[in-house]
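Observations on the three-dimensional arrangement
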Amino acid sequence: MPQEYNVDGLVGPTHNFSGLSFGNIASFKNAADISNPREAALQGLEKMKTLSSMGYLQAVLPPQERPHIPTLKKLGFSGSDEQILKTVMQQDPSLLATVSSASAMWVANAATVSPSADTTDHKTHFTPANLVAMPHRSIETATTKRILQSIFSAPHLFEHHDPLPSISQFGDEGAANHTRFYNTDNAAGVELFVYGTPELDSHAHTIQPRKFPARQTLRASQAVARLHKLNSNTAVFAQQNPDAIDSGVFHNDVIAVGNRNCLFFHEEAFLNTSKLMDDLRTRIPSITLVKVPSTAVPLKDAITSYLFNTQLVNLNEEKGTMCLIAPMECMENTNVKSYLDELIQQETPIQDVQFINVRQSMKNGGGPACLRLRVPLTDEEKQSINANVFLTDALYSNLKAWIQRHYRDKLSFTDLGDPELLKECRTALDELTNILKLGSVYDFQLS
Ligand code: SUG
């Protein structure tokens, strides 16, 4: 049986609120607020430390280089980095925000991962998400691939695919729309792929959201399942409820979370809930489906509190009990808090809730689950990894000191054009690749 690692994204030095994500309510609401990158990064690191102290296996993924000068060069800007920043700030300030986002922190969107237990070639497969729906996110993909390859480097154990073609019909948002279930008596799991639009034919009459974009397509989900060598027993597909997308559910992990043989979801999450339930029950007979009614938690409360962007983790492996790692915002929402108080008294696997503070990330629509990529690894796979990415007390202290050394405690839009910020970011990341033993993964290290 593979063991699941929570691999969290470290928040980058340019964490800011630019309102870049259409359809993500928090991102729009907090646009132009002044951010605190240092606090954001420390909150993320404390989350990792908390989970690790609770006994969960924890690792870390690095942030990316921002502002991303190579993207600006591709768009025709030239001169020194300083000149480019100045010109973009004058000519197209919103483009500067686009290339400066620290959005790579939400590593649930970094890639889809299928563990060796599920794949017919018994390798662990990675497909970096192309993130084509959002320009600021689409520039993460190439570096993400290099980082994943550098960490999971053994070719006989790990298969790294290219991102799907960068075309909206193949829009792929990675693990945020992917959940793996498994039975303790069977090493192979079942992988649920949730898509926002069928998009089988651009002229076909399909049920789609009308207001906000559906970021994941069925074609993309099917392609990832094919690349990962899953079959009809191990891959299940379901469509998101378009009305939920139009209410602000831009990824499925905003409205459902699964672990082992339990799916915790809102009743308005899926388009054809009963078919999905049947598909899952056929493949995982022991599955518990915890459906949260709108009468207990209206969709709006689920979205603002991020009740479902929680991490659902095993509490007692033998008993099959689980714990929800929830953002503080769930404690502060009356409907959600009373629902949770009742839930843990009920006969479901979910028997505990722990609240954590990731407010800086939440203000951009990224909760605890967005900040982590789940990577199940066998002992052999774990042993093959030389990068220093597994959280130990020493790595935690190193990363804390590194954040305190390099991160600003205030960032507004005008700071994004400051050439010093770019230098600070590169200096910090150069040091980080040494701490994490990653080699050269950033454009500024490769050019
Ligand atoms: O893609 N927010 C991210 C949040 C991603 C959350 N991830 C998951 N649900 N798995 C997004 O919308 C906002 C950036 C800004 O507005 O400055 C942003 O990119």
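All of the points below concern the structure found in this document. (Residues numbered from 1 in each chain as written. Predicted model: local features only at pLDDT ≥ 70, side-chain atom pairs only at ≥ 80, totals over all residues. Heavy atoms only, no water.)

1. Regarding the site of the ligand
The criterion, for reference: It suffices for a single heavy atom of a residue to lie within 4 Å of a molecule or strand for the residue to be listed as near it. As used in this structure description, the phrase polar contact means that two N or O atoms lie within 3.5 Å; if the pair is within protein, one of them must be able to donate a hydrogen and the other to accept it, and residues adjacent in sequence are counted only when both atoms belong to side chains. To measure how exposed things are, a 1.4 Å probe is used in the Shrake-Rupley method; for residues, cover is taken only from the protein chains shown. Residues are grouped as follows: Ala, Val, Leu, Ile, Met, Phe, Trp, Tyr, Cys and Pro are nonpolar; Asp, Glu, Lys and Arg are charged; every other residue, Gly included, is polar.
Lining the immediate surroundings of the ligand are 22 residues, of which L20, S21, H136, D253 and C370 lie closest. In the model, an oxygen atom of the ligand is placed 2.7 Å from a nitrogen or oxygen of the H136 side chain. Burial of the ligand by the protein amounts to 100% of the accessible area it has alone, namely 490 Å². Split into classes, the residues belonging to the shell around the ligand amount to seven nonpolar, 12 polar and three charged.

2. Looking at unusual backbone geometry
As a reminder of what qualifies: Put simply, DSSP H or I for four residues or longer makes a helix, DSSP E for two residues or longer makes a strand, and each gets a number counted from the N terminus. Three labels apply to residues, based on accessible area from a 1.4 Å probe with only protein chains included: buried if under 20% of the type maximum, exposed if over 50%, partly exposed otherwise in between.
With an omega of -10°, the peptide bond between R66 and P67 qualifies as cis. Turning to its location among the elements, P67 is positioned in the loop between β2 (57-61) and α3 (69-74). Here the phi dihedral of Y306 falls at roughly 60°; this positive angle occurs in a residue that is not glycine. Looking at the secondary structure, you find Y306 in the loop between α11 (299-305) and β12 (311-316). The class for Y306 is buried, based on a relative accessible area of 4%. The backbone phi angle of K437 is positive, close to 55°, even though this residue is not glycine. On the secondary structure map, K437 appears in the loop between α17 (419-435) and α18 (443-446). Assessed through its relative accessible area of 57%, K437 is described here as exposed.

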